[in-house]
Amino acid sequence: MKSDRVMRALACTTMFLSALRADAYCRTTTCRVPAAFAPTPTSCYPDGFEEICANRDPPQKVRALWWRNRCVGYSLNAAASRKIAFDDASLTMAQAFSKWTSTSCPSTSTGLCDGGTCSPSGASSRVSIDLRDLGPTQCDVVKYFTGAEERNQNAVIFRDDSWPHEEASRTLALTTVNFNKDTGEIYDADMEINTANHRMSIGDDVPSDGYDFLSIMTHETGHFLGLAHSGDPLATMFARYEPGNTKMRNLTTDDIAGICAVYAPDGTRAVHESIDGGIIAGESCDPEPRHGFGETCTQAAKGCQSSGPGGTSGSFAFIVTSCLWLVRAVRRKPA
Ligand SMILES: [Zn+2]
């Protein structure tokens, strides 16, 4: 059997070819899928996706997203929400992030075995990505500054008063990711929570018509790390949330396969095959955002409604957004 490094690179390639595969997880790419497309258990992208992207103006490459550093910092907006106290939000976010970063990978994706020769016992099987709370930020705009003189934050922001995006009644949260359009490397990610239109629930007692904040944050964390919606309806990364449900709190086999495919325990990242054959080494832990952490931000927000240029002029940073939609309640007649 070939090494796991090769297997993971091939898995990345077959996703783009829409080939049959065992996992349903999908990775967000530098090219946004058409709005009407929904992933299936066997296909993350529409037929001819690379050609669709190449024909856009300007042409877009299809590169799966990934964080280079082993550690990524985040910051909760200091105002939190009038409906969720800062400490409750902070604790729940840490729980949600930990769901992903504490994941142990199955032996087939650990990168610990190569050609039948395995590393000595005791080697970690945990994913090689950590999320670190850098403390609150005053910044409440979604943005990424590309200039070396500007500081950044990977911010989590509540929208109590109004939802500044489309589909307010059915969108629970939105994650905006800035990335290098040629490599897929993520530069910045911000989460927005739609508390203006939906009542979030803290703790285990979730009302039947409530929205479990931990479930929602666990789902958004998948986007933060570069995963897209899965075609598996049981997965945390499935696109739709049912009110009153806590299922998305717990990663499924499919979610675990996804995170392990990107951030293998050996510290590598699965990238596009055109970049060093599809596997590159990650960097040692440094959770500082690019250009340093700023407690405040001083410039207006950049656009975040769709995929496209997301930085200042001359930037290589592009953005893509991913949201969690509400499943509309459907009344069924008794049989
Ligand atoms: Zn989503």
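Residues numbered from 1 in each chain as written. Predicted model: local features only at pLDDT ≥ 70, side-chain atom pairs only at ≥ 80, totals over all residues. Heavy atoms only, no water.

(A) Layout of the overall build of the chain. Looking only at helices and strands, the chain features 5 helices and 16 strands. Going through the 335 residues of the chain one by one, you find that 53% of them count as buried. Considering only contacts in the chain between residues 6 or more positions apart, those separated by 24 or more positions represent 73%. (Helix = DSSP H or I, 4+ residues; strand = E, 2+ residues; numbered from the N terminus. Buried < 20%, exposed > 50% of the residue type's maximum accessible area, 1.4 Å probe, protein only. Contact = heavy atoms within 4.5 Å.)

(B) Molecular detail of the side chain of aspartate 212. Locating aspartate 212 in the fold gives a position in strand E10 (residues 211–212). A distance of 2.5 Å separates a polar atom in the side chain of aspartate 212 from a polar atom in the side chain of serine 215. Aside from chain neighbours lying at most four places away, what touches aspartate 212 is Ser201, Gly203, Val206, Tyr241, Asn245, Thr246 and Arg249. (Polar contact = N/O pair within 3.5 Å; in protein donor to acceptor, adjacent residues only side chain to side chain.)

(C) Focus on the state of the cysteines. For the structure on display, the rule yields 4 disulfides. The partner cysteine of cysteine 31 in its disulfide is cysteine 53, sulfur to sulfur 2.0 Å. Handedness of the cysteine 31-cysteine 53 disulfide follows from its S-S torsion of about -95°: it is left-handed. Of this pair, cysteine 31 sits in the loop between strand E1 (26–27) and helix H2 (49–54) while cysteine 53 sits in helix H2, placing them 22 residues apart in sequence. Of the two residues examined, cysteine 31 and cysteine 53, each falls in the buried class. The disulfide partner of cysteine 71 is cysteine 285, and the gap between their sulfur atoms is 1.9 Å. Handedness of the cysteine 71-cysteine 285 disulfide follows from its S-S torsion of about -115°: it is left-handed. (Disulfide = S-S within 2.5 Å.)

(D) Highlighting the pattern of salt bridges. Scanning the entire structure with this criterion turns up 11 salt bridges. Residue aspartate 130 is joined to arginine 126 by a salt bridge in which the shortest nitrogen-to-oxygen separation is 3.2 Å. Taking the relative accessible area as the measure of exposure, aspartate 130 reaches 13% and is therefore buried. Owing to a relative accessible area of 26%, arginine 126 belongs among the partly exposed residues under this scheme. Arginine 199 is the salt-bridge partner of aspartate 209, the closest N and O atoms lying 3.7 Å from each other. Here aspartate 209, found in the loop between strand E9 (200–201) and E10, pairs with arginine 199, found in the loop between strand E8 (186–193) and E9; they are 10 residues apart in sequence, far enough to count as distant. Judged by its relative accessible area of 54%, arginine 199 is exposed. (Salt bridge = Lys/Arg side-chain N within 4 Å of Asp/Glu carboxyl O.)

(E) Structural view of the pairing of strand E6 (residues 155–158). Of the two faces of E6, the one lined by Ala155 and Ile157 and the one lined by Val156 and Phe158 are each fully buried. In terms of strand pairing, strand E2 (residues 71–76) meets E6 through 2 bridges, oriented parallel. Residue pairing across strands places serine 75 opposite alanine 155, the latter belonging to E6. Judged from the 3 bridges that link them, E6 and E8 form a sheet pairing that is parallel. Within the sheet, the bridge partner assigned to valine 156 lies in E8 and is methionine 191. (Pairing = 2+ DSSP bridges.)

(F) Expanded view of the nonpolar core. Counting 48 residues, the largest nonpolar core has Trp67, Phe224, Leu225 and Tyr263 as the members making the most contacts within it. Elements with a minimum of two residues in this core: E2, helix H3 (86–101), E6, strand E7 (171–180), E8, helix H4 (213–224) and helix H5 (253–262). Ignoring any residue separated from it by four or fewer positions in sequence, one finds leucine 225 in contact with Trp67, Trp100, Ile129, Leu131, Ile186, Ile259 and Tyr263. The next biggest cluster of nonpolar side chains, apart from the first, holds 8 residues, and it includes Tyr45, Phe49, Cys53 and Ala228. (Core = buried A, V, L, I, M, F, W, Y, C linked by side-chain atoms within 4.5 Å.)

(G) Local environment of H4. With 12 residues, H4 ought to run about 16 Å at 1.5 Å a step, and its terminal C-alpha atoms sit 16 Å apart, in line with that. For H4, the full list of buried residues reads Phe213, Leu214, Ser215, Ile216, Met217, Thr218, His219, Glu220, Thr221, Gly222, His223 and Phe224. The first or second residue beyond H4 is glycine 226, which carries a positive phi of 110°. (Expected span 1.5 Å × (residues − 1).)

(H) Quick peek at the environment of glycine 244. Mapping glycine 244 onto the fold places it in the loop between strand E12 (240–241) and H5. For glycine 244, a relative accessible area of 28% puts it in the partly exposed group. Once the C-alpha coordinates of glycine 244 and aspartate 212 are considered, the two residues, 32 residues apart in sequence, prove to be 6.8 Å apart. Those residues in contact with glycine 244, other than ones at most four positions away along the chain, are Val206, Pro207, Ser208 and Gly210.

(I) Local environment of the packing of H3 against H4. Two elements in contact, H3 and H4, have axes whose closest approach is 8 Å; the angle formed by their N-to-C orientations is 50°. Taken together, the axes of H3 and H4 are oblique relative to one another. You can see that H3 and H4 cross each other, and the crossing is right-handed. Contacts between H3 and H4 pair Ala89, Thr92, Met93, Gln95, Ala96, Phe97, Lys99 and Trp100 from the former with Phe213, Leu214, Met217, Thr218, Thr221 and Gly222 from the latter. Residue composition of the contact of H3 with H4, by class: 8 nonpolar, 5 polar and 1 charged. (Axes fitted to C-alpha atoms, helices over the stretch in contact; angles between N-to-C directions. Parallel < 35°, antiparallel > 145°, perpendicular 65-115°, else oblique. Left-handed = near helix turned anticlockwise from the far one by under 90°. Nonpolar A, V, L, I, M, F, W, Y, C, P; charged D, E, K, R; others polar.)

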